[in-house]
Amino acid sequence: MATTTRGPVRVRFAPSPTGFLHVGGARTAIYNELMCLGARRDGAEAAHVLRIEDTDTARSSDAMTQQIVDALAWLGIEHDEGPFLQSERSTHHREAAEQLLAQGHAYHCFRSQEEVEAMRAEIVGRGENYTYRTAFERAPDDEVARRVEAGEPYAVRFRMPDGAIEFDDIVRGAMSFPPEALDDFIILRSDGSPTYHLSVVVDDIDMAITHVIRGEDHLSNTPKHIGLFRALEADEPTFCHLPLILGADKKRLSKRTGATSVEEFRDQGIVPQALYNYLAFLGWSPGDERELMSRDELIEAFDADRLRRTAAVFDIEKLRWMNANYMSILDLDEILRRLEPYVAEVGLTEHLGSERMARAVDVQRRRAKDLRELAGSLRPYFQDTLSYDAERWRKFIGQAELPAALEELMQRYAALDDYSIESTERVLRELATELEVKAGFLIHPTRVALSNDKAGPPLFDLVVAMGQEEGGRHLRNFVAFLHAERAVGG
RNA sequence: GCCCCCAUCGUCUAGUCGGUUAGGACACCAGCCUUUCAAGCUGGCGGCACGGGUUCGAGUCCCGUUGGGGGUACCA
C-alpha cells in the first residue's frame with residue numbers, strides 16, 4: 001500500500017559495529033539500496049546514507065567501521081553519504097534530551113536500576129502488567145529541582161503519550177500498540193550518555209530520513225520512536241520492518257547453525273554477485289519466475305510492495321547453486337582475480353597470470369560451487385609428476401595393448417601443429433579406428449594419465465588446457481608406469 | 001506473564017478481485033545425453049498447520065487453537 005517512490009527518498013543503513021557484517025544486516029542494506037535506487041529509477045531524488053550505531057562500542061569502532069565499509073563494498077552495495085558515526089553526535093543527542101525535558105516531554109528519574117527492577121519483578125510476579133509509568137509516582141517539580149541541585153544522579157525518561165500508537169508499515173500494514181504496551185523509557189543514562197532510541201530518532205530527523213528499513217526486531221521499538229518523532233515535532237518516516245533470517249533450526253540465524261557473516265561467505269569462496277542475488281531473494285521476488293538476477297536487474301524490478309512478511313530460512317545449498325551459476329557466467333578475468341587467495345592456499349601462486357592457469361580455470365569454473373573448490377580442482381594442471389596408484393588403475397595395467405597405443409597417441413599429439421580441442425579429439429579417434437578399438441579405450445587411460453583421476457571435464461578440454469608439452473610428459477610417465485607394473489605383475 | 005508479528009512442498013517462493021489440475025526454484029529420485037564426473041534436458045516425489053465460521057464456492061475473508069519468531073534494559 002505504502003509505496004512511496006514519488007517524493008525525494010532518503011534511506012539509511014544503520015548497523016552497529018560488531019566486528020563483522022551479519023547477512024541479515026547485509027540484506028537490510030540491500031533493500032535500503034534497492035529502495036533508494038528504485039526511487040531514482042522512477043525519477044525521484046534519492047539518497048542512501050550509511051550510519052554506524054556505535055553508541056555502545058566506541059572503543060574499537062574505527063576498525064569495526066572499516067570492516068563494515070569493506071564488507072559492503074565487497075558486496076557491491078553503495079551509499080551516497082557517510083559513514084557517519086553516531087558516537088560523534090552525542091552532544092547533539094543530549095541537546096535534544098534537554099529540549100524534551102524543558103518542554104515536559106521527558107522527566108528526571110532518580111530511581112536506581114535495582115529499585116525499578118525489583119518493583120517490576122513484584123508486579124509481574126502478581127501476574128499484573130507492568131509499566132514504569134503506572135508503577136511509580138512522579139516526583140513533584142520542586143522536589144526534582146532540589147534533588148538535581150543536590151547533585152543526585154538521575155536518568156532522563158521520555159514521557160510516552162497516553163493513547164495507542166498507530167502507524168502504517170510497508171510490509172506489516174496497519175500497526176497498533178495499546179497504551180499498556182508503551183512505557184516511559186530512558187533517553188539519557190545517569191552518566192549523561194544518550195541511549196539508542198534517542199540517538200536513532202534524532203539522527204533520522206537530522207538526516208531527513210524518509211524510509212526506515214530495518215529488521216523486525218525493531219518493530220516493538222517503533223512506537224517509542226514515533227513518540228519521540230512527535231515530541232520533537234518532526235515528520236515521522238515511513239517504516240518498513242523486514243522479517244528475520246532464520247537458521248536451519250528455524251531459530252534466529254546464529255553461529256550455531258553455520259556461517260552468519262558476509263566475511264565468512266566471502267572466505268568460503270562465495271562470489272559477491274551470488275550473495276547479493278541470494279539475499280535479495282530472501283524475502284522478495286519479482287513476481288515472475290526469474291531467480292538469477294543481477295544488481296541492475298533487481299534495481300529495475302524492485303518494488304517494496306512485494307516484500308514478504310514471513311521469516312525465511314537461510315539455505316546454504318541454494319546459495320551455492322547460485323554461486324556456481326555466477327562463477328560460470330562472470331568475466332574470466334574477474335574469476336581469476338577473485339581466485340587469487342584460494343590459488344595461494346593450494347600453492348599455485350607462481351602460476352597466476354599464466355596462460356595455462358586461465359585455460360584451466362575456464363575449464364573448471366563450471367564444475368565447482370565455490371572458489372575454494374575451484375582452486376582445488378586446479379592442482380592436476382600444474383603437477384610435474386603424478387604418482388599413479390597401481391591398485392586403483394589395475395584395469396589399465398591388465399590391458400596388454402594399452403602402452404603401445406598410448407605411446408603412439410603421445411607421438412601424434414607431440415607432432416600436432418594446431419593443438420586444439422578439435423585436433424586432439426580427431427587424432428585420438430583416428431587412432432582408435434586404426435587400432436580397431438573403441439575411443440573409450442584410449443580416452444579413459446589418457447584422462448588418468450593427465451589427471452590421475454577417472455572423473456573430470458571433457459577429456460579434450462583437459463588435454464588442451466594442460467598444454468601440449470605438459471600433457472605429453474604425463475602421457476610418457478603413465479606409459480612408463482604401465483610398463484613397470486606389467487613387469488612386476490609378470 | 002504482558003505486547004507485537006508470522007504460518008503454501010524439507011527449504012526459498014508464485015498466489016494479492018474468493019472459482020488454479022495450487023505454478024516455479026534448491027535439494028532428492030529416475031531416465032536421456034555423454035569418453036568419465038558434473039552441467040544440461042525430461043519426468044517423478046512432495047505443500048495450503050488444525051478447528052470453526054462467512055459464501056453457491058476459501059490457500060485466499062473472519063474467529064479460535066496450535067506452532068514459530070520478536071519485544072518487554074540506564075544493549076543496539
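Fair warning: this is a prediction, and the values are worked out from it, not measured in the lab.

About the criteria used
Residues numbered from 1 in each chain as written. Chains lettered and ligands numbered in written order. Predicted model: local features only at pLDDT ≥ 70, side-chain atom pairs only at ≥ 80, totals over all residues. Axes fitted to C-alpha atoms, helices over the stretch in contact; angles between N-to-C directions. Helix = DSSP H or I, 4+ residues; strand = E, 2+ residues; numbered from the N terminus. Parallel < 35°, antiparallel > 145°, perpendicular 65-115°, else oblique. Contact = placed C-beta atoms within 7 Å. Nonpolar A, V, L, I, M, F, W, Y, C, P; charged D, E, K, R; others polar. Buried ≥ 20, exposed ≤ 12 C-beta atoms within 10 Å, placed from the backbone. Pairing = 2+ DSSP bridges. Right-handed = clockwise from strand over helix to strand, strands pointing away. Near = placed C-beta within 6 Å. pLDDT = per-residue confidence, 0-100.

### Concerning the packing of helix α17 (residues 402–415) against helix α19 (residues 439–451)
Taken N-terminus to C-terminus, the directions of α17 and α19 make an angle of 75°; their axes are 11 Å apart at the nearest point. For the element pair α17 / α19, the angle class is roughly perpendicular. Seen from α17, the contacting residues are Leu-402, Ala-405, Leu-406 and Leu-409; seen from α19, they are Leu-442, Pro-445, Thr-446 and Ala-449. Here the contact of α17 with α19 is composed, by residue class, of 7 nonpolar, 1 polar and no charged.

### A closer look at the pairing of strand β2 (residues 46–52)
With 7 of its 7 residues buried, β2 lies for the most part within the structure. Bridging between strand β1 (residues 9–13) and β2 involves 5 bridges; their strand directions are parallel. Bridge pairing in β2 places Arg-12 opposite Val-49. Taking the sense of rotation as the criterion, the β-α-β connection linking β1, helix α1 (residues 23–41) and β2 turns out right-handed. In the sheet, β2 pairs with strand β3 (residues 81–85) via 3 bridges, with the strands oriented parallel. By the bridge assignment, Val-49 is partnered in β3 with Glu-81.

### Quick look at the protein's contact with RNA strand B
Close contacts around RNA strand B come from 65 residues, with Ser-16, Glu-53, Ala-181, Ser-220 and Ala-455 the closest. At the level of elements, α4 (113–125), β7 (173–177), β12 (312–313), α12 (316–329), α19 and α20 (459–466) are the ones that each hand at least two residues to the surface near RNA strand B. The element that contributes the greatest number of residues to the surface near RNA strand B is α19, accounting for 5 residues. When grouped by side-chain class, the residues that make up the surface near RNA strand B number 25 nonpolar, 17 polar and 23 charged.

### Thoughts on the confidence of the model for chain A
For residues with low pLDDT, the predicted coordinates do not support detailed interpretation. Of all residues in chain A, 97% attain a pLDDT of 70 or more, and the chain-wide mean is 91. Per-element mean pLDDT across chain A ranges from 83 in helix α5 (residues 132–135) up to 97 in helix α10 (residues 272–280). The low-confidence segment residues 1–5 (pLDDT under 50) makes 12 contacts with residues lying over four places distant or belonging to another chain. With pTM at 0.92, the complex prediction returns an ipTM value of 0.94.

### As for the sheet that holds strand β8 (residues 186–188)
Read across the open sheet, the 3 strands follow the order β4-β5-β8; overall the sheet is antiparallel. What marks the edges here is a single partner per strand, and that holds for β4 (106–109) and β8. The average angle at which neighbouring strand axes cross in this sheet is 45°, direction not considered. Bridge count between strand β5 (residues 155–158) and β8: 2 bridges; the pairing is antiparallel. For Arg-157, the partnering residue across the bridge sits in β8 and is Ile-186.

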